[in-house]
Every structure is written in structure tokens, then in C-alpha cells.
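Notes for the structure review
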4 protein chains.
Amino acid sequence: MMTDKYYALFEEQQKDRGINIEKVKSKIKQLKVETPSWGFGDSGTRFKVFEQEGVPRDPFEKFEDAAQVHKFTGTSPSVAIHIPWDKVDDYKALKSHAESLDLSIGAVNPNLFQDNDYKFGSVTNVDKSIRQKATDHLLECVDIAKEVDSKIVSLWFADGTNYPGQADFRQRKKWMQECLQTMYDKMDSDMRMLIEYKFFEPAFYHTDLADWGMAFNMANKLGPKAEVLVDTGHHPQATNIEHIVAYLLDEKRLGGFHFNSRKYADDDLIVAAHNPHEIYLILQQIVAAEEDSDQGVVSTAGNIAYMLDQCHNVEPKIPAMIRSILNVQNLYAKACLVNLEELKEAQEKQDVLRAEQAVREAYECDVTPLLQAVREEMGAAVDPMKAYQESGYAEKILTRGKGGASW
Amino acid sequence: MMTDKYYALFEEQQKDRGINIEKVKSKIKQLKVETPSWGFGDSGTRFKVFEQEGVPRDPFEKFEDAAQVHKFTGTSPSVAIHIPWDKVDDYKALKSHAESLDLSIGAVNPNLFQDNDYKFGSVTNVDKSIRQKATDHLLECVDIAKEVDSKIVSLWFADGTNYPGQADFRQRKKWMQECLQTMYDKMDSDMRMLIEYKFFEPAFYHTDLADWGMAFNMANKLGPKAEVLVDTGHHPQATNIEHIVAYLLDEKRLGGFHFNSRKYADDDLIVAAHNPHEIYLILQQIVAAEEDSDQGVVSTAGNIAYMLDQCHNVEPKIPAMIRSILNVQNLYAKACLVNLEELKEAQEKQDVLRAEQAVREAYECDVTPLLQAVREEMGAAVDPMKAYQESGYAEKILTRGKGGASW
Amino acid sequence: MMTDKYYALFEEQQKDRGINIEKVKSKIKQLKVETPSWGFGDSGTRFKVFEQEGVPRDPFEKFEDAAQVHKFTGTSPSVAIHIPWDKVDDYKALKSHAESLDLSIGAVNPNLFQDNDYKFGSVTNVDKSIRQKATDHLLECVDIAKEVDSKIVSLWFADGTNYPGQADFRQRKKWMQECLQTMYDKMDSDMRMLIEYKFFEPAFYHTDLADWGMAFNMANKLGPKAEVLVDTGHHPQATNIEHIVAYLLDEKRLGGFHFNSRKYADDDLIVAAHNPHEIYLILQQIVAAEEDSDQGVVSTAGNIAYMLDQCHNVEPKIPAMIRSILNVQNLYAKACLVNLEELKEAQEKQDVLRAEQAVREAYECDVTPLLQAVREEMGAAVDPMKAYQESGYAEKILTRGKGGASW
Amino acid sequence: MMTDKYYALFEEQQKDRGINIEKVKSKIKQLKVETPSWGFGDSGTRFKVFEQEGVPRDPFEKFEDAAQVHKFTGTSPSVAIHIPWDKVDDYKALKSHAESLDLSIGAVNPNLFQDNDYKFGSVTNVDKSIRQKATDHLLECVDIAKEVDSKIVSLWFADGTNYPGQADFRQRKKWMQECLQTMYDKMDSDMRMLIEYKFFEPAFYHTDLADWGMAFNMANKLGPKAEVLVDTGHHPQATNIEHIVAYLLDEKRLGGFHFNSRKYADDDLIVAAHNPHEIYLILQQIVAAEEDSDQGVVSTAGNIAYMLDQCHNVEPKIPAMIRSILNVQNLYAKACLVNLEELKEAQEKQDVLRAEQAVREAYECDVTPLLQAVREEMGAAVDPMKAYQESGYAEKILTRGKGGASW
């Protein structure tokens, strides 16, 4: 079979490059990427939400769709939930439902931006009762996390302002810290609070947590259970995200990722559809830090929560998720093929071209045969996209009709 | 009265600067800025639309609100409409309603982005029947314009793609030209087609009319009735918009503006709330071109359609419009205070600091007394914002409740 | 005299607005902005340095030029020096020279980017001996600062890389910290280390101190003598700098500014020549924090080192500096005119338009009469630019010829 | 031999994908990328030029270095020259020297930015005698082109301003057109004028040819011998360059490229070192247009002048050029592997994911075996970088010492 021939050649080549292919395979198998329940519902832009047929009508159906992604990729065993979008009367039932689908419930995401009260901020609102309401919701989410055995509460705040003078930056900073401290104290010692930052949107003048530095400083003040979450679409143009990632790894504050891609603002497109090299370079920093970790250098690299956070406005949602998982896996596999010793040697000799070559060479490898082999060993589909498309699931869910859940 | 004292001093100063204050007053009186009907309805971001109490429930009420803006500023006598948001059975009735409020109907704006058929494009759609549908809508808008005696149809296309490969750029370019040609041919000789461009959003990979060059080339191909519309929020960061404006003036293809401000993307905030200097420099180019025009250099500077295009997501809509009109008027007044002869002389001597000084000096003038005098002479409110707030209109419309029109 | 009439009216208006004009005048008199010695020498782009006639030929002449700026503005009594550009055999002599000109020596700036050894980094170089050399230079600068009685050493690092893989981010981070710790330990307890960050240039892939978060974290680790320096041109497009400033004020880590303006990258143009509103909003945050400080809220707002850092590539250097000092003073004066109580009240009521109005209103004031009065009281020139131009100094220095110092 | 095995498999795979591999090989062989003479000399940033040992000391040595690049890659048979950097007494001798090295002289590049007279502009200078001087230099370059049998004169203008008010945009526009018209009229009918645009730098407020639209409009006005040159580093962040390329192809005005890469501004780094996907997408548009051309759709796709324009500030220059040529060849090869029929079918069905897949799939192919086979057939080195490094040339030129030519 061609696949075998191809893989044999691939393995031969990598051995020649000095790569321990078994270790690489083992690492790829360990890579897990969480899907977001809201990525299966309808989404759009401020101009229009184009409703798709067959989108899930409730949290249970979202898990059913997510199960398809994991079934064929073997790489997305958990699903992030968003409260109140995924609010149910019985979280134990939701958990059981997930488990029956071979899934677990991942990060719990509070929603502090869609209630009318939050028009001028949630945990930063000048109105104390609204800050209290927001804090109560955070505590509710900690409780839900405990109930569903999730260890992660993932925080994104839309809080910010649109006009100069609209609010007092320093005062809001203090209020946010107070609210998060209350939440932090309620968390079990093995729970993690992931703090996300964003350059702009929906606030258009200032955003209270505008960059990694603000999220990092907050996490530092709160304590070891708090870490930073990096959404790849939340930076100014040209930002060197892999540098931030390496920085946070060194500070042991890198908690997780929201993967997606963008060309312009926070476009929330399929991860690696635009500038895949950027995601590769991020993952390459992580693989290097994992290696240091193995050698006793302490790092959080092995404990990162990888999550997708995307909006599939014009493409069908389940295959878009499969595509995204495959893209991350593809680039992670490439990152594992960098010969780190060779890279280190070139760096020590200040040999710029050879160092760049070491990183580029792995990127240029076609890892298809490697991933096919890994998937086969994991019991996943060798070609997950094709397998999904042939499964008939897409046709089956059309009976749900239009007008399902939207995030 | 303090105002008089202040104005007398202002006039004295400007005379000392060599400014013909009567000419300036006359120019300010001629400045008219159209409000958009949709700016009075609810709007928001993809995350949330915060509904406001009292927003108009139909096109007629939108005109009533717009009439308030004109009543107090004397500077916004026309209102742009958006079809089908402002679709009515009887356009003559809408026109009469407008006139009864001392308003006229301004630019007619087709909507080619909210019908489900336009998910993958309107005039660029690969499906010929959808292109036909889009063209029919354009023709309908030409008919409406004729019916309401508007001379302007203003075109913005959301058409674009989200992913590499999604569509054929060159093919779509040809299709768009075909459709617009059909529309162009239907227009009366005294009508104008304004073609807007946008860097991105809602499309996140490519936008068919992505910059002024594409809009300009289209207008060139169509003929003299077609011109370019500049929306101040539709450019890449750092773009020198005043340069583009001067360029289009020189090419006699500057048709109009959609004014608003932004710090990040197309934030659609109150014009000049962010970086007011930018709007000033744009208007200064226009004033300079008007002067050339007066001296026989042909230019379209005197024929520009000034329009607002804003979304008031967190602030009350009518006062936000008043604020916007006042901001444009304020900056236009300053632009009229540049001593163009002095500027020209400094430019000819390559005296950078003196040339910059000539432009900055006028910007730093406080034109409050000038505008108060002009408003008094025009019969508008001396302090339009205060007058509106004391009028009781804001309280009156609360009876409309929430859930009015949204754009 | 017109000036008096104008000022009397101005004072009347400000009293009506509830402004304590004597306090404002006192604050403006306290504002001091340091000029950089290198801003008086030739500079350019990578494409060309256009040499100007009359630029200073040595550090002593740079101080003579700087003295002109202070003589007429009364607002720039200190001059930053750059080692080795301003290296002299006898620093005491330089200090005496400065004092004889009514100047003092301000921040001492090490140069770690022009020695051939620093091609691949200074304090982050993989070569330990080069890191040692860089550290030795830092210590030399601490010594020079002590010798000239300067309390500030201001650090900017060009360190970074151009290509993926070129260097190990995490390793370099540790090396930089080690070097700075050595320097920190050598500083007297009343000395301050200002740590500057920069988005990019001259490094084009990663910069070791790329943003305020990295500089802030470094300062935090070093201790209370270390603070962050904000260069207004060193951020990604659209960054809300005033938010960062307020944030650092709240953290008591805002050490100083390098003022300049830019439209694109780090253009190093005359401060406030582009988007003056941005500098205004920054200063407004500082004035608000000063007020809190007066009311017992601890803050570093009163202790900020304001410095210019500009390159005058096409304009004459001394008047460009005067222009810059005047621009900062102008915008600071406006910032002092915000009615902070009114602003606070509007913020508490979430009245967006009124809050924005409170900040905009002060910006729109013409502070010319106020500054003229202040300058008269300070014994500076009422119109510093005119006074300089009439002084004959510009003509006098032409005898120096071309080919003087370049930075 | 492994290479053969690998290639055999590659060919098999591509046949399965429906690719005509012989056609692809033929296309790759036709790809030629010109090197710039100035890319072999020393360059740097405004902060520092780090001189390298062994850089060429005159134009003849630059051609010798360029010959190495072509010798091993077989893909860079021509070299662009820059006047006066490459000014020689006897151009015929330079031409003969080039031919003796198996090279030809490519585009002639005038320099209108390093003479002191051009401080405030060249063809846009308010001083007529300077415009004349600039025009004379353009004509001189046309003459040089004729003398060396080059058909291309490639124009980049640094012309622009740093401050508002500094110059009259509209007047400068007219002056530039006049000068270019004079030059255009002097060109033979088979010569081409390539007009480059740039977003900013060295001008920091406005650049006279700031974007493709301005260059395109100029070319349109001049006539068919004038075309647009796209430098990949000369756009605002996030610009969709491949869209512009397709647009210009459709307008038959795409004359050529200056390839390089950047993360921030015009960083002039090795092409495809950053975001290689972008260059791939550009080349994919061209390959698609070439295909249309083959099928009778007129296009300039087959006539594009591909050139490098890079600065190798920290890396050795000859291997950096080889790396760059290989990168372009690599991405062009991938672009040839898109199954255009499949792509077209997916586009017609609006199947977003399948269309994206068609473009991505080719990008993910490892074309190493293909390029090795092509190089062998062309008589170039199978591994050009290794062959160069083993050739001893790098060591040989060290005798030139430091301080050679800088651009």
C-alpha cells in the first residue's frame, strides 16, 4: 500500500535527520485540542448571521457534534462550555451525556458580556451591584466546574470603553482585581483560572485586559492557580506571539490557548488557514520548552490547555472543526521534527542561516505519512475529513433544520 | 454678553492673521452633513446589541429624530436611507414627511449583505441568478432615488471571502463591473453613483473593493457619473487618508464621505472622537482645493457629499449625532482658518517648520465664538447640544420603548 | 495690549468652567522636559543622512544649542547624554559647562548597539564575554551618572533577532536579567534605572524587551529603583498608550517618557506633530493621577522624567526642539484644564457623552494666552520660536559648517 | 539512491492528484529570479551598518558574487544594477564581464534619494532645476539600459514629506507625471518602465507613490510601456497582496516583483523567512493566470520580472541570496501543484472547505524531490546551499577585507 511505502521512506529520512521518530509519535498522540461548544452553533458578524441547516439546538446536541470530531481525529476528547449558553438544569446529566460520547467537559467559560447590565462593564462596572452580579456569576461557574469535574475556568472579559474619559482606568483595574480575588479564593487548589486578554473588540477605545502584560500581572497577584490564556487572534498586527509564549513559559504562567487564525482583527477563522507558519513557530517554542522540562528545567509546557475558539460563519461547522484539529496536529508534528541539538549548536555559533534552516527544514516536511501512521495506531481515521464526510452524519443532522443555537 | 466679547476678540485675531472672516463664515454656512437613518436605530457588535429605549420604530420616526439634529445644528438637512431597512409602500409619503420636517432624502443605500442569498457574494456571486437579483436591487434603488428626487445612490459591498482559494478574484472583478455597468446605464445624467471601498469586514480574507484604487478604477471604467466614497474608518492603520482625498480631488473622482472615527478597525464611533487631527487634515485638503477651484482650477471639491456613517452602541443616538455634526463643523471651521498664502509661501521656500506651523496654528484656534456667531446668523441653536437636552425630546420618545428598529 | 485682553477673557472663561487657574499656572511652571543631546546632531534614515550646516561638533556645543531651547522656553533645563557619543575626558568640565549655561546633565544613556561586538546582542549575547563588556559599559554609565550628579540611567536595548530560530528567547531573557541585576546593585539608593521597551527595529523578528509588560516585569524583579520608560513611538499601531501609562502609574512603575510622534513606525518626528490628541490623553491621565496624589493616593505621577527623543532629519534642529517643548507644554496645559470633578461625576453616572465632553472641552481650549502669561511670569520668551529666530543664533552657528556630530 | 526513490514516490503521488508533472517541471525551469547588485554589499539600519568581511568592492565583484548564486541554483541569470552605485566608465565592459560569468544585466535602477539636492524630493521637488536634474538622471538610466541591452528601468521614489503642510500633494502629483512622461517618451517601444510604490519610509507623513493605486494610475496615464512593480514589503500590515497581484494581472499592468519578507515594516529580510504562505498565495495567483493565458485569456502573467530586493544585515550575503532563490523556487513549485480544475469546481459549488483544501494541499507538499530532479536536469547543484558552502568561495573572498561597497 502506498501509505506504508510513504511512511517507511519518511521514517528513513527522519532518522537520517537525527530525529527519534518514536518519541515524536508519542508526543503527537499526547496532543489533545479541546473544541468549544459554541463553535458548533451559528455565528456571524455584526452585519449578518447566516444560519446553517443542522446546527445543534441545545448543549446535548453540541456534544454530539463534538463527538464526531473526536471520533475521527482521536485528538479532541474534551469540550469547553459557555454559561449561560450551555446552561442546563442538570449538569451531571450533561456530564454523563458527554461521557457516553467518549468526551469530557473541559473549560467552563463564564459570559459577562451579553446581559444588559454589562453595557458599561461587568467586574469593572462603576455600579457595585453589577460587579457583585458579575462576581456571583464567576462563582457560579466555579461551582459548575466542580460539578462537572472540570479543573479549568477560562475568563474573557469584554470590559472596556469606547470613548476617552468614559471611565477611570485605574479604578476599574482595582475593581477587577477585587472580583477575581473573590473567585480565586473559591477555587480548589487543583483548579486553574485562565485569564485571557484582547487588544480590542467589542470595546473600541480601551480594553481593561488589553495585553498579555495585564493578564500576567493579574495572575501574578492572584497566585499560582491563575495563569494566562493566549488567544492567537487577540494581538496587534505583527506581534511576535511565539516570543510572548516563550516568555510566559519561562515565567510558568502559560495556562492555555484559544487557537484560531486571522488576517485582520479577531477574525476567528479556522486555525492556520492564514499564516500557518505563525502557529508552527508558537508550537516550536513549546516543544523546545517541553524538551527542557524533560531535562529538569521546570516549565509549564507540559500542562497547557489547547483549545479552539473559532466562528465558522460561512463554512459547515463540524468539518471546519476537524480541519482545525488536523491543522494544529500537522503543525505540532512539524514542530516535533526540529533537531533541537542542531538548532542549539547553530545558535551558539551565531550561525543565523543554519539556525533558521533548522527551524524551516522541519516546517517544510510533509508529515502526512507520519500522521496517518499515528492515527492508525491511535485507532482514529487515517483520513478524518474523508471518513466524516462518508459517515452520513452531515446529512443526518439536517433534520434539525435551521435556527439552532447561536453563540 | 461674554459671547460677543469673545467673538469680537476672535475676529480681531483672525484679521491679524490675514483671514477673511466673512468668507470663512460663508463657507461654514454652506457645509452640510447628511445623517444616516440607520444611525438612529439600535446597533452593536457581533457580541451584543444593547437595546436603547426610545429608538425609532420605523423610517418615519427616524426622520423625526434626524429632524432634531438639523433643528438645533442647522447643518444636517438631509437623511440617507437604506433599502430595505427604510422600505416603505409609499416613497412620496416618506418624502413629504421629510419635507414637513424641513428635511430632504439624501443618498439611497442598497443593502446587498443581509439576504441569505448573499452569503457568498452579491454582484460577485458565482451564481448568475444571485448576481441578477443583486443587480435588480441596485436598479430598484435607482428607481427609489428618482422617486424621492435624490441624486445619489451610494454603494457599499460586503462582497469578499474568508479563505484562500474560496473564489476567483479576477472572475469576480469582471462580474462586479458587469452589474455596475447595468446600473450605471439606468441612472439619469445628473445622478451620481458613489462607490465605497473597505479594507476588511465582514469578509476576512479578501474584499472585492478593498481600497480606493479598486473603487477609483471601477469609477473610471464606468464613466463620469461614478465617483469614489471615502469612509474614514475603512483603511489600514496609519493610512494617510488626506493624501488619498487630495489625490481623488485632483482626479475629479471624490464623490463623498462617510465620516466616523476609529482607533482599531471599522469601529464606527463618533467622528473625531479619536484622532480629530486626521479629520482636520482631510478637511484642510478640501478647503485648499476649494480655493483652487475658486481660482479656476477645476475640482470636485465643491460637490462633495458629506455623510455620517456611525453606530452608537453605548451612547444615546440623537445627541451622538449632534456631537458628530458639531465635530465636523468645528474641524471644518479650523480648516478654513489656515492662511493658504502663507502656507504656499512656506512650501515654496521648503520651510518645513513654518509650513507645519501654518497648518497647526489654525488647528489650535478655539473656534467656539466663530461657530456661535455663525449659528446665530443661521438661526440654529448657539449651543445645539444644550438646546436639544433642554428640549424634552429625549424624554418624549421614551414612550416608544425598547426594541425599535435596528440596522 | 491684545495679549492682556485675551488672557483676561481666558481667565474669566476658565473660572466659569470651575478651573483654579492659579493652580494650573503653577503646574505648568513645574513641567520640565529634557532635551536629548543627540537630537542636536545629524540624523537620518537608513537611506540617507542629510547633513545640516551648523550642527554641533562636540558635546559642549550640543549643550550650547540646548541652552538656547531652555533660554527661550524656560522649560528644558536638563539635557540627556549618550555614551560614548558624549564621551569626554572630563565629565566635571562638561557639568560645569552645562551649569554655566543654566543647564544640568540629565539622564545618562548607554549605547549598546553600535559596537561591532553587539551585532547579535549585548546583554543577551550568547557570548559571555560580550555580555560582560555590555555590563561593564552599563556600570561605566552608572559611574558617569554619579560623577555628573545625574540620578537617572536610561536603558534602551536594540537586542533582538531577525529570523526564526536565530536565538533562544528564554535563555536571552535570563542573561539580560543577570546583567541588569549587576548594574542595579551598583546604583545608589536614590538613583533610578529607566527601562525602555520597543516593538521592533533595529531587530525585525523579535526584540528582547518588546513591550511594556516585559520592561515592567524586569523592573519588578530588580526592585524599587527600576522603572519603565515609555517612548511614545515604540508601540504597535492603535495601542492605547494612555491606558498603559495609567496602568504603570497605578503600579508605581512609570519612570519617564521619551516623547516624539509617528504615523507609521518609530518615526521619531516632532512630538504631537501627528495625532496630538494622543499626547493630550496621556498627559490627562497623568494630571488626574497627580490630583489623586495630592489627595493622598500614592502615585509616581509627580516624579516622571519627561524627555524628548527625536530625530530632526529634514528640519533645523534647534527650532524643532523649541517646537517640541512648546507642543508638550501646550498639551499639558490643556490637560490641566479638564474639570476632574465634572469628569468623575459623569463617569459615575455612566454618562458617556458628558464624560467625553469633559475631556474634549479642555482639548479644544486655545491655551495661547495662558502660556503667554505663564512664560512672562517665568521670565521666558512670550513667543519662544519668534524670539529664537530673531536672536541670530541660527546664523551664528553656520560657521560650524557641515559634518558635525551625528548620533 | 534515496533521492531517486523519493522522487519516484513523489511523481506517483502527484499523478494520483491529477498533476501533469512534466508541465510542472518545465514551468519551474522557466522561473528566473534576478538578484540585486546592492544585496551583495553592506547594509544595515539607521542605527548601525555591521560591515562584513569579503563584500565586493566594486560592481565587477558584485557580479562575481551574483554568478555564484546562479552557478549553483541555475535560477538567477540576471543582476539588477543601481546607478550611481554601479556607475562604471565603460558599461560595455561591465556587460562583457557579466556575460563571461554566464550572467546578463537586468533592471537598471536610478537613485533619486541620496543626492543632497533630493532632501525635499526629486521629481516632485518644488524647485524646477532639481526636478530637471532628477529627470536627467532618469534619462541617463534609459541610456544605460540601452547600452547594456536591458529592457527594464525600475523606478522607486523616496519622495514624500514628514509633516502636515510640508508640501502640496496635488502639485507634486503633476510634477511627477511630467517628469515620467519625459522619460517614457525616450524609451524604446520594447522597453518597460516598472513603477514601484511604498507605504512609507524614508518619508514619514506622506509618500508620493504610496500604494498600488497611485502607481497603477500613473502607468495607465503613461501608456503600455509602463507597469507596476510590487515590492512585497511595501504594504500596510494585513494587506492582501495576492489580491492586488491578481487585480494587476487582470488589468495587464503587473510588471514585476521585488521579493523580500518582513514582519513589521519594510524589513527587507530573506524572502519567505516570515509568513511563507503569503508568497505562496501570490505565486498561486500567477500560476492560475498563466494557465488562463495558455488557454487564450490574455494576461501579463508570463512576462513578470521577478527580482529580489533584500538587505542582509546580519547574515552572510551570498548564502542569503541562495536561500532566497531557493525559497521562491520552492513556493513556486508548490503553487504549480494546485489542481486548478478541482479548485475551480469547488469554487463553482461554493464549497469553501474543499476550495481551501485544494490550495492548502499543494502548499503542504514537500517539493524537495521535485526540485532536486529539476536541478539535476538543469545542470544546477542538487543542493545549492551545500555546494556553495563546499566550494570554498566564501573563504576566498575574505581577502577582500571589510569596508567594501555599501548600498
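Now for a quick tour of the structure. These figures come from a predicted structure and were not determined experimentally.

**With respect to the pairing of strand 2 (residues 78–83) of chain B**
Residues and elements named next belong to chain B.
- When you tally the buried positions in strand 2, you get 6 out of 6 residues, the bulk of the element.
- Of the two faces of strand 2, the one carrying Ser-78, Ala-80 and His-82 and the one carrying Val-79, Ile-81 and Ile-83 are both buried.
- Between strand 1 (residues 35–36) and its parallel partner strand 2, the chain crosses via helix 3 (residues 59–73), and the hand of that crossover is right-handed.
- The sheet contact formed by strand 2 and strand 3 (residues 104–110) spans 5 bridges and is parallel. Each bridged residue has a counterpart across the sheet, and for Ile-81 the counterpart in strand 3 is Val-108.

**Some remarks on the relation of the copies chain C and chain A**
- Of the two same-sequence chains, chain C is brought onto chain A (RMSD 0.0 Å, axial shift 0.0 Å) by a rotation of 180°. With respect to symmetry, the two chain copies, as superposed, fit the operation of a two-fold axis. Among all C-alpha atoms of chain C, that of Gly-213 of chain C lies closest to the rotation axis, at 2.2 Å.
- Both copies present the same face, since 98% of the interface residues in chain C are matched by interface residues at the equivalent positions in chain A.

**Quick look at the interface of chain B and chain A**
- Tallying the contact residues gives 42 residues for chain B and 42 residues for chain A.
- Both faces combined, the contact of chain B with chain A buries some 4000 Å², and carbon together with sulfur accounts for 62% of it.
- The three residues of chain B that bury the most area against chain A are Arg-46, Phe-47 and Tyr-264 of chain B, which together make up 22% of that side's buried surface.
- Our count for the contact surface shared by chain B and chain A stands at 6 salt bridges.
- A salt bridge links Arg-46 of chain A to Glu-201 of chain B; its shortest N-O distance comes to 2.9 Å.
- Run the count over chain B and chain A and you get 20 residue pairs in polar contact (both at pLDDT 80 or more).
- The class makeup of the residues in the side of chain B that touches chain A is 21 nonpolar, 9 polar and 12 charged.

**Focus: the interface of chain C and chain A**
- Residue-level contacts link 54 residues of chain C with 53 residues of chain A.
- When the two sides are added together, the surface that chain C and chain A hide from each other amounts to roughly 4600 Å², 59% of it contributed by carbon and sulfur.
- Its largest share of buried area at the contact with chain A, chain C owes to Arg-170, His-243 and Gln-350 of chain C, together 16% of the area lost on that side.
- Linking Asp-250 of chain C and Lys-174 of chain A is a salt bridge whose minimum nitrogen-to-oxygen distance equals 2.6 Å.
- Taken together, chain C and chain A are joined by 26 residue pairs in polar contact (both at pLDDT 80 or more).
- Of all the secondary structure elements, the ones that give two or more residues to the side of chain C that touches chain A are helix 6 (169–186), strand 7 (206–207), helix 7 (212–222), helix 8 (241–250), helix 9 (276–294), helix 11 (340–348) and helix 12 (352–364) of chain C.
- Here the side of chain C that touches chain A takes 7 residues from helix 7 of chain C, the largest share from any one element.
- For the side of chain C that touches chain A, the class distribution of residues is 24 nonpolar, 16 polar and 14 charged.

**Things to note about the side chain of Glu-251 of chain B**
- By secondary structure assignment, the location of Glu-251 of chain B is in the loop between helix 8 (241–250) and strand 9 (254–259).
- Since its relative accessible area comes to 15%, Glu-251 of chain B is described here as buried.
- Within the structure, Glu-251 of chain B has its side chain in polar contact with the side chain of Lys-173 of chain D (distance 2.7 Å).

Each value, and the rule that gives it
Residues numbered from 1 in each chain as written. Chains lettered and ligands numbered in written order. Predicted model: local features only at pLDDT ≥ 70, side-chain atom pairs only at ≥ 80, totals over all residues. Heavy atoms only, no water. Buried < 20%, exposed > 50% of the residue type's maximum accessible area, 1.4 Å probe, protein only. Helix = DSSP H or I, 4+ residues; strand = E, 2+ residues; numbered from the N terminus. Right-handed = clockwise from strand over helix to strand, strands pointing away. Pairing = 2+ DSSP bridges. Least-squares fit on C-alpha atoms with pLDDT ≥ 70 in both. Contact = heavy atoms within 4.5 Å. Buried area = accessible area lost by both parts, 1.4 Å probe. Salt bridge = Lys/Arg side-chain N within 4 Å of Asp/Glu carboxyl O. Polar contact = N/O pair within 3.5 Å; in protein donor to acceptor, adjacent residues only side chain to side chain. Nonpolar A, V, L, I, M, F, W, Y, C, P; charged D, E, K, R; others polar.

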